[in-house]
Structures are given as C-alpha cells and as structure tokens.
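What follows is each chain in one-letter form.
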Amino acid sequence: MLSAILLFPLVGFLINGLLGRRLPKISISSIGCTSVFLSFASAFYLFIDFLQSPEGWREITITLFQWIPLLGVDVSFKLDSLSLLLVLVITGVSFLIHLYSVNYMEEDPSLARYFSYLNLFTFAMLLLVLANNLLLLFIGWEGVGLCSYLLIGFWFEDDEKAQAGKKAFLVNRIGDFAFLIALFLIFTTFGTLNISSLRVFEVSSNQLQTLTFITLLLFIGACGKSAQIPLYIWLPDAMAGPTPVSALIHAATMVTAGVYMIARLHFWYLLTPFSMTVVATVGIVTTLFSASMAFFQNDIKKVLAYSTISQLGTMFLAVGIGAFSAGIFHLVTHAFFKALLFLAAGSVIHSLHGEQDIQKMGNLKSKLPLTHIVFLFGVLAIIGFPPFSGFFSKDEILWLAFNKNALFWILGLLGALMTTFYMVRLFTLVFYGHSQKQNKEHLHEAPPLMALALILLALLSLAGGFIGVPHSLYAFFKMDNFLEHFLNPVFIRQLEVTQEGFSEYGLMILTLVLTLATAIWTFLTFHKHQEWTEHLKIKFHKVHSFLVNKYYIDELYTFLFVLPVKKGSELLLRFLDKGTIDGSLHGLGKLTNLSGYRLSLLQNGNIQTYALGLVIGAIGILLYIWSYFV
Amino acid sequence: MWHNIIFWILSILCVGCALGVVWQRNPVVSAVFLVGSFVALAGLYLNLNAPFLAAIQIIIYAGAIMVLFVFVMMLLDLHHPLDLYFRFTKPKLPKYIVLGLFIWLLCTLILATAFPLAIPDKAQGFTVAQVAILLFSKYAFPFELTSLLLLIALVGGVVLAKKK
Amino acid sequence: MVGYSHYLILSAVLFTIGVFGVLLRRNLIIIFMSIELMLNSVNLSLVAISKFTQSADGQIFVFFVITVAAVEAAVGLAIIISLFRHKQTTAIDEINLMKG
C-alpha cells in the first residue's frame, strides 16, 4: 500500500512523459488526475487503518532494496503520522490542482508534458516525505527542485519565464549545497543516514557542536526550498509558471519541504537551542519582511507569492520555538487556503485572458460570483477569521509564541495584521471598486472542473481548521485537538504551555479584534477611495518605491553575487578557459594535425618507397644477425 | 671439375641475364633475358642433383609464366614515352646505398657461416620418385592446398581482368 | 673449388639484382619480372641447402614456391591489366591511388 502511494504518480509520469504525444488530450488529463487520485486513495486507506490501530502501531517501514550497501543506504520508506498527514495533504491538494489544470491548461499544446511534470512533482514530493533515509530524502528534495525548474519555465519560449525557472533552480542549488554538506557531516559524524537510526542515536556532548553546524546547514537548505531570508528571491519570480503550478509549488509541495524536514529531524533541533533560535528568528523576520513587500505589489500572483513567504515564515517560527505540531498544522491549513487563493486567482486571470495587474481589475464581484465567494473564503482563512482554518492554526502558533517569548507574539501579531492589510487590499481591488472597462465582454466564470476544485478547496479552507481545535475552545466546539493527538507520538518533545489559560482567550480576542479592525478599515479605504493609494504613493514616495521594488534585494544580490560571479567567470573564461585549456587543447590538436600531416608524407602511395622501407627493415634484421658474429 | 666449370659458366650467364632484365628499356627484351636467367638456373639445379626441379623450372617458369608475361605485354600498349626514356624512378642515391649495404651484409654473413667448402662426392641428389613420395606423404595437405590456391588465382585472374 | 657459399652468394647477388629492379624500375611489368627473379634466387638457395642437409624438404619448398609464383603472376598480371585500363599507363610513379 505504501509503495502504491509512490507508484501511481510515477506511472502517470512515465505514461504521460513517454507516450503523451500520441495520446488524445482527454486520456492525458485523465491519466494525470487518476494517478494522483489513486495515490490519495491509498493514503486515505492507510489513514483509516492508522486510526483504527493503537498509537504504538502507527508506523510502517518498508525497504525496497539495498541501494548502496557499502554506505548502508537502502531505498526504504517510513510512514508515520507526520508523513501520512503530509502525504494526505500533498496528494489531496495535488489532485485538486490536477483537476483544475484539466480546464486551465486545456488549450496548451504541450499538455502531456505539463501533466507528466505535475505527476513527477507529486512523486518527488512524496519521495521526500516518505523517505526513511536522508539520501533518499535528498533525491526527493532535488526532484522537487528540478520539477519546479521545469514547471516555472514551462513556457520556455518566453525568455523571461525561462530565466525565472533558472533563477529558482540556482537559488535552490545554494540551499541544496548546504544540505549536501550537512549530509556528509551527518555521515561522518554518525555513520548512517537512516532517519530511524539517527533518531535513536545517543548524541554525546562533544558532538553537539558538530550537530549545531549540521542543523544550521540543514536550515540553510530549508531556507532555499521554503523561500526564507535570504534565499526567498526565487519564489516571487516563480509566478512565471502556469497558475496551477504556482498553487502546487506554494501549497502542496516544494515550499513545505523545509518545514517538513525540520519537523522530521526535530530530535536534533531540540538538542541545539541555538539553531532553534536561528530558525525562529529567520522565520519571524521573513514573515514581516515579505509581508511588507506584498503591500504595494500590483501583480495578483506576486501578492500571493509574498504572502506565501510570509506564512512560511510563520511556520518556521512555530517549529523554531518547538511547537512542531502547530507548525505542521499551519502547513496543512496553509496548503488548503493558499491553493484555494492561487486557483481562484488563476480563475480571475483565466477569465480576464491573462491579465494579472490588479489595478486593471475591479468590480468583478457580479461578473465572477463563484470566484468571488471562494476567494473570500481564502482571504478569511488567511487573515485568521473564525471559524476558518487559518484562525486555528495561526492562533495556536501565536499563543505558543507568547509562551516562548512575548516579543515573538508581538511580531507575529504584527505580521498577521500586515497580512490582513494586503490580502484585503487585494480582494477589494479585484472584486470591488470601480469597474475597469476593458475586456469585460468576454468575462466567463470558471469551467466545471475548475469550479469543482475551487469549491472543494473552499470547503477545506473553511473546515480544515477543525482538525486542530485548541483545548481552550473545547467547550465551544465540543471537539478535541485531533491533530495534536495524532502527531504527538512522532515528536519527542514539544513546547510546553506555561502561561495561564485565561490569557489565551484574551490574546485570541485581542488578535481577532485587531484583525477585524484592520480588515474593515482596509476594505473601506480601498473600496471608497481608490485614489488613496495615490495619495499614499505621493506622500511616502521613498518608502513606497522601496517597497514596490522589494527593498532592492534582487538588485543587491545581483550586485553582490551575480556580478562578481559573472566578472570572475569572464576572467576565468579569458585566461583559464581560452588561454590555458583551449590553448593546450588547440595546441594538442595542432600538434596532432601537424604530425599527421608530416607522417602522411610517408604514405605517399609510391610502392617503391614502401619497398625501400622493407629492404631497410631486412638490413636491420641482417645487422641483428651480424651482431652474433662479431 | 666439370661441376665447377658448369657452375661458373651458368652463374655468369644467370647474373648477366638478370642484369639484362633490370637494365633493358624494352620489356619484351627483358622478358627474353629473364627466360635466359631461368634456363641458367635450371642448369644449376641439375648441377645440384635436382632434376625434377630443373624440369618444372623450364616448364612452368620459362614455359607458362613467361608466356603469360609476353601475352600481357602484347595486350597492353606499352609504347609510353616515359617508359622508354626514363627507366628508373627517382631518387636513386638512397636506393643505391641501401642496396649496397644489403648485398655487402648478405655476403659477409654467408661467408661468415661455416659451410664446408667442397661438396662431398657421396652427397646424392634426389630422384623424382623420392621427391614424389615426400610430396604425397609428408606434404600431402599443403599440396592439396596449392590446388585450392590455384583455383582462387584462376577465379581472381578472371574477375580482375574481365572488362566491365 | 665451388662450395655451398658460392651458390648462396650467387643467390644473394640475384636477389639484390631483383631488389634493384623493384626499387628502381619505372615499368610495372619489369618490376614484376624482378620479383620473379627474387623468388628464383631464393629457390636456388633452397636447392643448395637441400643438398647440403641431404633432405628433399628444400626441393618440396621450391615446388611450392614455383606454384605460388605462378599464382602470383596470374593474379598480378590481371591486376596490371585492370590498372592499365583505368590509368592508361604502367608507370609506377603515376600509380599512387593508395596515397594517404
């Protein structure tokens, strides 16, 4: 059953990848969707199985074959509560995205390529999640990187999009490099890469320093994959891919890999408080930083991209303070509502024939009623309005952050309010306000499969939070925190709640009130006076341009890293490549050529010359014999 | 004594004819010289008590092969001016040097080898019967192979010389 | 007294004359004749050594050499005819088809 989860997307990828050109479109898309659905069904079957079995039995490990016996590396998979939850989310959300893509990508000529990449993406992510071996995990890790490259640059005819794919790949490579070094260090330190063995490994105190190093390196890898400071720059550009791909990258796969990896290896992070602090700090800083960048973005997808970075920061904050199940909880709910938001945005873009600038939209409420409703669901979920899913997860993280350090709470709340501001701004500008008069005749609501996916995701965004209702609200909802119970056996230790219970209510209400106030204020501001933005733009011209240009981080990186590398490469090209390597190679070539030419004079076609050679050889033999006589 | 006289006469004849072969401008005259050289060699074979070889030397070489040569020369129009005016190809000097070195080395080595100077009287030659017995017993298989070789040569000659 | 050395030196001289022809003559047919001459000189030495060792094996070798010479002459002359048809010449320095 466990292998079946992995097998189906792989089979789908192979069929579509190898035979896709000859298949009709309908079978391509049905193969793509069915494979992921079957995978989801298998995962769901195992989930039911897990629920029925006692807690201690909720783990399956299988070893398919020995891969590198010398290093003790096997191809082995491990399914426990954590990975099962992730598998369910990945396959479930991925299935909905596949379904959505059927309509969205209908007219694309390379549909088979699209679906095969999508399946491969799902497969790689499942491999990452299920791997019981860090090397295997790394393969999945690289696999999602590769697929993101392929999919972001899916429309590679457009140079800008191809560049965006390259950028994602290269930035990820920096993180992967750190990850790889961490793997080497782990192997030299502990002698194994098997996660189950590493978990029970008794780390001696003199290994702690190395371990800190390892965890930091792993975190750099996670930064690359999960788009944290300073390696987040690829994610906004990743919007170049088709919108369902953005949804897939942002919600179900890829970016969650870093959070998952830290949760998976939490037993090391628990031993290294320093790394934990780094993780939490980077998380909270990223949250604020990227939220501010989203303020004045005018590309609907870029706003969502920055919000993803911001939410990921929140997740890292959670795992960084040791609230692992809260982090995973937020990962799950985020997967639901972010997929929903992206797909709804995709629906808007689709109906506007590719228009992504929110300034050119407006008053789409009546034209796209369904999209409007589901987008509203998504917005309410992300800003944390009860009872939408985002409320529960975000609130839990904030409450646990308060337990750890009040500063984290304040900053987290600030991040949440910023999120509220830009999300409501986005929503208002797109669906309310003045109608812009262009292309409105051809507006059309989402086709059936897209609508189905949107509705299902909207329901999940609404109800997804109930898997993790906090204890304090037990009386209210009459539900226990299912998720925490489910995940608890996986984690050795979690953050303890030290504060009084009543303050949780206080904080919750405070957050809620502030969020609502921000939301209403933003809504009214942008609804009534759209010119307000212009005012602000003129008034805070410098800040505005700073934010619009994303703090000039891209330019800074270009200046700091890309240019020196380019210059250095040019130098190397000139002196090493062209001078030394090319020179020596050309020299060798010339030498060969010349000697060949000279030697070819020997073979002049004149038999008598050859015969002369023969006689000279005979003389040589005679001289040899003669040496016996003398 | 007669043995010595016959040797000297025939060897001078043989070398003279050989020189004539390589010196003559006209290939037909060369061919006639070559026949002379072969006949002289056949005489030397007789002198060495090898009558069978002397016979086939005359029959095959002087008879069959030389006739073939002359036929070919008649088939081809060999009155090419270059052939007549420039017998030798260039460069000459290195070839002369190599040849001189070659003959000098050969003679030195032959003289350095301790052969008995005189041919003993008791040394007998071999009759045709003796040669035949050896040919059909010890060398029966190579003998059969030569028949195959001749067949191949026959086919090859026909194929090569055939007009397209 | 004439001994084996005389026969062998005669053979060597004949052989060298043959080599001279091969190396220096321009006409292909004469080169061919020179090769025959070389083969014959070897035959002579074989016969002489056959008598010296008192075994008939040398004579058998000569027999085979004569057969091979006949074969070689047949094929070689066929090649010359074929060549002449293509190039209208038997001059060896004009035939360099095998040039590298």
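Residues numbered from 1 in each chain as written. Chains lettered and ligands numbered in written order. Predicted model: local features only at pLDDT ≥ 70, side-chain atom pairs only at ≥ 80, totals over all residues.

## Describing the overall build of chain B
Here's step 1: Counting its secondary structure elements, chain B contains seven helices and zero strands.
Here's step 2: Its helices and strands taken in sequence order, chain B reads α-α-α-α-α-α-α from the N to the C terminus.
Here's step 3: Within chain B, contacts between residues at least 6 apart in sequence are counted, and of these 54% link residues at least 24 apart. (Helix = DSSP H or I, 4+ residues; strand = E, 2+ residues; numbered from the N terminus. Contact = placed C-beta atoms within 7 Å.)

## A closer look at the overall build of chain C
Here's step 1: Within chain C one finds three helices and zero strands.
Here's step 2: Secondary structure elements of chain C, listed N to C terminal, follow the sequence α-α-α.
Here's step 3: Looking at chain C as a whole, 57% of its 100 residues qualify as buried.
Here's step 4: Taking the intrachain contacts of chain C between residues at least 6 apart in sequence as the baseline, contacts between residues at least 24 apart amount to 46%. (Buried ≥ 20, exposed ≤ 12 C-beta atoms within 10 Å, placed from the backbone.)

## A short note on the pairing of strand β1 (residues 60-68) of chain A
Residue and element names in this part refer to chain A.
Here's step 1: Pairing of β1 with strand β2 (residues 73-79), which is carried by seven bridges, proceeds in the antiparallel orientation. Paired with Q66 across the two strands is D74, which belongs to β2.
Here's step 2: Linking two consecutive strands that pair antiparallel, namely β1 and β2, is a turn of four residues; a positive phi of about 65° is found at G72 within it. (Pairing = 2+ DSSP bridges.)

## A closer look at helix α8 (residues 208-226) of chain A
Here's step 1: For α8(A), built from 19 residues, the straight-helix expectation of 27 Å at 1.5 Å per residue is met to within 8% by its first-to-last C-alpha distance of 26 Å.
Here's step 2: Immediately downstream of α8(A), the backbone of A227(A) shows phi near 55°, a positive value. (Expected span 1.5 Å × (residues − 1).)

## A few points about the confidence of the model for chain C
Residues and elements named next belong to chain C.
Here's step 1: Per-residue confidence for chain C averages 86 on the pLDDT scale, and 96% of its residues sit at or above 70.
Here's step 2: Taken element by element, the predicted model of chain C shows its lowest mean pLDDT in helix α3 (residues 57-87) (88) and its highest in helix α1 (residues 4-24) (91).
Here's step 3: Interface predicted TM-score (ipTM) for the complex: 0.89; the corresponding pTM is 0.64. (pLDDT = per-residue confidence, 0-100.)

## Notes on the confidence of the model for chain B
Here's step 1: Per-residue pLDDT for chain B averages 84, and the proportion of residues at 70 or more is 87%.
Here's step 2: No element of chain B has a lower mean pLDDT than helix α4 (residues 81-85) of chain B, at 57, and none a higher one than helix α2 (residues 27-47) of chain B, at 91.

## Concerning the nonpolar core
Here's step 1: Ranked by internal contacts, the top residues of the largest apolar core, which has 190 residues, are A339(A), L340(A) and L457(A).
Here's step 2: Here this core gets 17 residues from one element, more than from any other, and that element is helix α15 (residues 324-351) of chain A.
Here's step 3: Membership of the second largest hydrophobic core comes to 70 residues, among which are A31(B), F38(B), F69(B) and A12(C). (Core = buried A, V, L, I, M, F, W, Y, C linked by C-beta atoms within 7 Å.)

## Examining the interface of chain B and chain C
Here's step 1: Contacts between the two partners involve 73 residues from chain B, matched on the other side by 60 residues from chain C.
Here's step 2: Within the residue set of the side of chain B that touches chain C, elements represented by two or more residues are α1 (2-23), α2, α3 (51-75), α4, α5 (93-112), α6 (128-137) and α7 (140-161) of chain B.
Here's step 3: Here the side of chain B that touches chain C takes eleven residues from α3(B), the largest share from any one element.
Here's step 4: Class assignment of the residues belonging to the side of chain B that touches chain C gives a composition of 56 nonpolar, 13 polar and four charged. (Nonpolar A, V, L, I, M, F, W, Y, C, P; charged D, E, K, R; others polar.)

## Here's the deal with the environment of K87(C)
Here's step 1: Topologically, K87(C) is positioned in helix α3.
Here's step 2: Apart from the residues lying within four places of it in its own chain, the contact partners of K87(C) are E94(C) and I95(C).

## Things to note about the packing of helix α16 (residues 369-383) of chain A against helix α19 (residues 448-463) of chain A
All names here are of chain A.
Here's step 1: Running from N to C, α16 and α19 cross one another at 30°; their axes reach a closest spacing of 9 Å. Viewed along their axes, α16 and α19 adopt a mutual orientation that is roughly parallel. The hand of the α16/α19 crossing is left-handed. Across from L370, V374, F377, G378 and A381 in α16, the residues of α19 making contact are A451, L454, I455, A458, S461 and L462. (Axes fitted to C-alpha atoms, helices over the stretch in contact; angles between N-to-C directions. Parallel < 35°, antiparallel > 145°, perpendicular 65-115°, else oblique. Left-handed = near helix turned anticlockwise from the far one by under 90°.)

## Here's the deal with the environment of V13(C)
Here's step 1: Take V13(C): it is sitting in helix α1.
Here's step 2: With 19 C-beta atoms counted inside 10 Å, the residue V13(C) sits in the partly exposed group.
Here's step 3: It is 9.6 Å that separates the C-alpha atoms of V13(C) and M38(C), two residues lying 25 residues apart in sequence.
Here's step 4: Every residue in contact with V13(C), bar those within four places of it in the chain, is listed here: V15(B) and I103(B).

## A word on the interface of chain A and chain C
Here's step 1: Contacts between the two partners involve ten residues from chain A and, on the opposite side, ten residues from chain C.
Here's step 2: For the side of chain A that touches chain C, the leading source of residues is helix α26 (residues 607-629) of chain A, giving five residues.

## A word on the environment of F47(A)
Residue and element names in this part refer to chain A.
Here's step 1: Here F47 is to be found in helix α2 (residues 25-52).
Here's step 2: Taking the C-alpha atoms as reference, F47 lies 9.9 Å from V87; in sequence the two are 40 residues apart.
Here's step 3: Not counting residues up to four positions away in its chain, the partners in contact with F47 are L84 and L88.

## Describing unusual backbone geometry
Here's step 1: Notably, N49(B) is not glycine yet its phi reads approximately 60°, a positive angle.
Here's step 2: Secondary-structure assignment places N49(B) in the loop between α2 and α3.
Here's step 3: Classification of N49(B) by C-beta neighbours within 10 Å gives partly exposed; the count is 18.
Here's step 4: Of note, the phi angle at Q54(C) is positive, near 55°, even though the residue is not glycine.
Here's step 5: If you trace the backbone, Q54(C) turns up in the loop between α2 (28-53) and α3.

## Observations regarding the packing of helix α17 (residues 389-404) of chain A against helix α18 (residues 406-431) of chain A
All names here are of chain A.
Here's step 1: Closest axis-to-axis distance for the α17/α18 pair is 6 Å, and the angle between their directions is 150°. One way to sum up the angle between α17 and α18 is to call them roughly antiparallel. On α18, the residues that touch K394, I397, L398, A401, F402 and K404 of α17 are A406, F408, W409, G412, L413 and A416.
Here's step 2: The class makeup of the residues in the contact of α17 with α18 is nine nonpolar, one polar and two charged.

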